[in-house]
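Notes for the structure review
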Amino acid sequence: EPVAKYGTLDVTFDYDSQEQKLLVTVTAVTDIPTYSRTGGSSWQVHLVLLPIKKQRAKTSIQRGPCPVFTETFKFNHVESEMIGNYAVRFRLYSVRRMKKERIVGEKIFYLTKLNLQGKMSVPVILEPSYSLSGCDSQMSMSEVSCSESTSSCQSLVHGSAPEILVGLLYNATTGRLSAEVIKGSHFKNLAANRPPNTYVKLTLLNSMGQEMSKCKTSIRRGQPNPVYKETFVFQVALFQLSDVTLILSVYNKRSMKRKEMIGWVSLGLNSSGEDELNHWTEMKESKGQQVCRWHTLLES
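Values in this document were obtained by computation on a predicted structure and should not be read as measured data.

The next thing to look at is the side chain of serine 178. By secondary structure assignment, the location of serine 178 is in strand 11 (residues 176-185). When near neighbours in sequence (up to four residues on either side) are disregarded, serine 178 contacts Gly167, Leu168, Leu169, Thr231, Phe232 and Val233.

Structure representation (structure tokens):
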């Protein structure tokens, strides 16, 4: 099969270092997988500026096997001296009437590759989303950046929001909801200038907000990017699955029984954001396959 089997975006980058702004034009998509594989003939491209994920954009929805968008989006406050720390994540979704949009492919484009003067047109070849290809195929933003340009590694760690990689799996036959806490990224010790001792607490709530179950990982000591790889199983009947909320809270365990929350994220009924809601929906649709996603922690 050809390399570009998840779609190729025709993209133009135009960076203005004086204004510290980046214009991204999405012109068209080619090489879209066959209709039967994606189940859609309408398409939309989502963009987000990494690592902070605060600036987002999406194209209009276009139909047909070779959709043309020609839409330009502006990202502000992209400092030229920090350009190696930024990336734009592109995701192509197939949009079906009366059904949830479905991710077809994605690509993280690092701005280290940019011309700092003038426009640059590039084909962005999409890869399978890491919801399709298992957990470990997608390195965290910091790991990839460090391998691409070691110099930007240090500043990236200081400028990034803490994130957590979570794997979700639901077995409708047994009614078992499995949540794997895989790893964290950019965990900080707020009080001291040393890496934190962290653990993750998982709490399952019913539709009324009452606690159904809770558990926590073991402690990872002195690690800003800890690897947990611990799985917790909750008993949730299929009819309950849309009515529960799973909260993951990351704590820094300090001496003398004190602890401080680094951040939290919630999935399910009361999801803390669009990414979290999408992750829960993909888990429900994935028919027993684990779906892994990075989530930016919210401050307590």
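The structure having been displayed, the exposition proceeds.
Take the side chain of glutamate 180 next. Residue placement: glutamate 180 occurs in strand 11. No salt bridge forms around the buried glutamate 180; measuring N to O, its nearest opposite-charge neighbour lysine 229 is 6.2 Å away. The residues contacting glutamate 180, other than those within four sequence positions of it, are Leu165, Val166, Gly167, Lys229, Glu230, Thr231 and Gln290.

Burial along strand 6 (residues 68-75) is one-sided: the face carrying Phe69, Glu71, Phe73 and Phe75 is buried and the face carrying Val68, Thr70, Thr72 and Lys74 is not. Pairing of strand 2 (residues 21-30) with strand 6, which is carried by six bridges, proceeds in the antiparallel orientation. In the sheet register, valine 26 faces strand 6, and the bridge partner there is glutamate 71.

Once that is clear, we can look at the layout of surface pockets. What the largest pocket holds in volume is close to 450 Å³. Surrounding the largest pocket, 21 residues form its lining, Lys54, Ala161, Thr296, Leu297 and Leu298 being those nearest its centre. Those elements giving two or more residues to the lining of the largest pocket turn out to be helix 4 (274-285) and strand 17 (291-296). Per-domain counts for the lining of the largest pocket show at least three residues from each of domain 1 (7-128) and domain 2 (163-296).

Criteria and cut-off values
Counting from 1, residues in each chain are numbered in the order their sequence is written. With the structure being a predicted model, the display of local features is reserved for residues of pLDDT at least 70 and the display and counting of side-chain atom pairs for 80 or more, all residues being used for whole-chain, interface and lining totals. Only hydrogens and water are set aside when side-chain values are computed; all heavy atoms of the structure are taken into account. Strands here mean DSSP runs of E at least two residues long; helices mean DSSP runs of H or I at least four residues long; both are numbered from the N terminus. A contact between two residues is defined here by any heavy atoms of the two lying within 4.5 Å. Any residue under 20% of the maximum accessible area for its type is buried, any over 50% is exposed, and the rest in between are partly exposed; the area is computed with a 1.4 Å probe on protein chains only. We treat Lys and Arg as the positive residues and Asp and Glu as the negative residues; His and chain ends play no part in the count. Here a salt bridge means any side-chain nitrogen of Lys or Arg lying within 4 Å of a carboxyl oxygen belonging to Asp or Glu. The rule for pairing is simple: two strands pair if DSSP sees at least two bridges between them. Only protein atoms enter the 1 Å grid used here. Points where a 1.4 Å probe fits but cannot escape make up a cavity, open sets with protein on both sides within 12 Å along at least five of seven lines make up a pocket, and a residue lines them when an atom lies within 4 Å of a point. Grid points are joined across faces, edges and corners, and a volume is the space filled by probe spheres set on the points. Delimitation of the domains relies on an automatic or database domain assignment.

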